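# Structure at a glance
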Amino acid sequence: MSGLHPAAALAAGAAVLPRASLATLPTPLEPGPPLPGGARLWVKRDDLTGLGLGGNKARKLELLCGAALAAGADVLVTAGAGQSNHCRTTAAAGARLGLPVHLVLGGPEVAEPAGNQLLSRLFGAHQHMVGTSAWPELEAAKDALCARLEQDGARPYGIPIGGSTPVGAVGFALAWRELMEQCADEACRPSAVVHATSSGATHAGLLAGRAVYRAAGLTVPDLVAVAVAKGIVLDETAVVGLARETLGLLGLESSADALAPLELRTDELGPDYGVPTAEGDAALHWAARHGGWVLDRTYTAKALAAVLALADAGRWAPGDDVVFWHTGGVPSLFAPGGYPTSG
Ligand SMILES: *Cc1c(COP(=O)(O)O)cnc(C)c1O
């Protein structure tokens, strides 16, 4: 690695990649109340990225849409669960850039769209409900749709579920840099950074950014990824592979040591993706009543449940700083089952 400061190395690597300006950055880093056991909570507000009601996907879409425009694409196509935040944010990105958007969504056709589907419709996206929720089938349906659009003379840019490609993950390598600069300004010295993970590029991008700092000899916080979907849990090597490809795009490389150890926790997943847990619902209420933060049951509530459980178990000392990365997801609160009716 070059002798540049890691922040400069990441900026230089990213400067050559096409990027669409879509997100409002930096997002705030807010101090919160003490956690059980006395560590201090900080909240990284990626629910406030600004694009189409915010969330972490805006960071990936800046790079993905940059690549799409550079490739001469004239339509965006992606896929996701029925209440996909990624699909909703892609719909908003298309609206901003003047590109039509097609979304392949899991689950049934609904009479009254709510939450993310309502917003995607508002942003003018075409929503294709395919009945299945299995990720491989959603990807296959998206690829088939791209092929059809191409036959009709369009130039579609297909984005995989969650936008989790190396291009998308670059957005989160840069987000690591953003957080480190904010921490320096705020005298926050995080022992850990905790976030929800499902399609993997948030995790891989942060891991890549952290590796650049570590390779420069700086002390880095633990990175704790809280799994909320089963697919990614099965494949830790895929996350490391994605992190390495992300560094490659930035013209950087990293030893396996700088990326390790991978902390991918599965203890808050519960029965499956999108199935709420009692611990998640308790964390959702804790956040709402300790800071007015709005979490969602699929992602952020489970991630904060991990923070609270680790704090309870004594992982951090009183006065330690812990950053909870609020990755968004707020609109799903307003979809059926999005709000816990007890508590
Ligand atoms: C997509 C999403 C995540 C997970 O990010 P990945 O990069 O897909 O792992 C976390 N939180 C919310 C609210 C999301 O929409």
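Residues numbered from 1 in each chain as written. Predicted model: local features only at pLDDT ≥ 70, side-chain atom pairs only at ≥ 80, totals over all residues. Heavy atoms only, no water.

Glancing now at the layout of surface pockets. If you add up the space inside the largest pocket, you get close to 660 Å³. Forming the walls of the largest pocket are 33 residues, and the residues nearest its centre are A81, G82, Q83, Y273 and G274. At the level of secondary structure, the elements contributing two or more residues to the lining of the largest pocket comprise α5 (135–151) and α8 (230–233). Ranked by residue count, the leading element in the lining of the largest pocket is α5, at three residues. Each residue belonging to the lining of the largest pocket can be placed in one class, and the counts come to 14 nonpolar, 14 polar and five charged. Of the pockets and cavities examined, the second largest pocket occupies roughly 320 Å³. (1 Å grid on protein atoms, 1.4 Å probe; cavity = no way out; pocket = protein on both sides within 12 Å on 5 of 7 lines; lining within 4 Å. Points joined across faces, edges and corners; volume = space filled by probe spheres on them. Helix = DSSP H or I, 4+ residues; strand = E, 2+ residues; numbered from the N terminus. Nonpolar A, V, L, I, M, F, W, Y, C, P; charged D, E, K, R; others polar.)

Another aspect to go through is the site of the ligand. Surrounding the ligand, one finds 16 residues, the nearest of these being K57, K60, S199, T202 and T327. In this structure, S198 approaches the ligand through a main-chain N or O atom, which is 2.7 Å from an oxygen atom. Of all the secondary-structure elements, those providing two or more residues to the shell around the ligand are α2 (57–70), β7 (190–197) and α7 (201–215). (Near = heavy atom within 4 Å. Polar contact = N/O pair within 3.5 Å; in protein donor to acceptor, adjacent residues only side chain to side chain.)

Let us look at the packing of aromatic side chains. The tally for this structure, following the rule as stated, stands at three aromatic pairs. Ring pairing ties together the aromatic residues W135, Y273 and Y299, which thus form one cluster. The side chain of K57 reaches across the aromatic face of Y299, ending 5.6 Å from its centre. R59 extends its terminal NZ or CZ atom over the ring of F172, reaching a point 5.7 Å from the ring centre. (Phe/Tyr/Trp six-rings, centres within 6.5 Å; stacked < 30°, edge-to-face > 60°. Lys NZ or Arg CZ within 6 Å of the ring centre and 35° of its normal.)

Right, let's get into the nonpolar core. Counting 40 residues, the largest nonpolar core has L10, L179 and L250 as the members making the most contacts within it. The set of elements that each furnish at least two residues to this core consists of α1 (6–15), α6 (166–186), α7, α9 (236–249), α10 (256–259) and β10 (321–326). Setting aside chain neighbours within four positions, we find L10 in contact with A173, L174, R177, G209, V212, Y213, L250 and L252. (Core = buried A, V, L, I, M, F, W, Y, C linked by side-chain atoms within 4.5 Å. Buried < 20%, exposed > 50% of the residue type's maximum accessible area, 1.4 Å probe, protein only. Contact = heavy atoms within 4.5 Å.)

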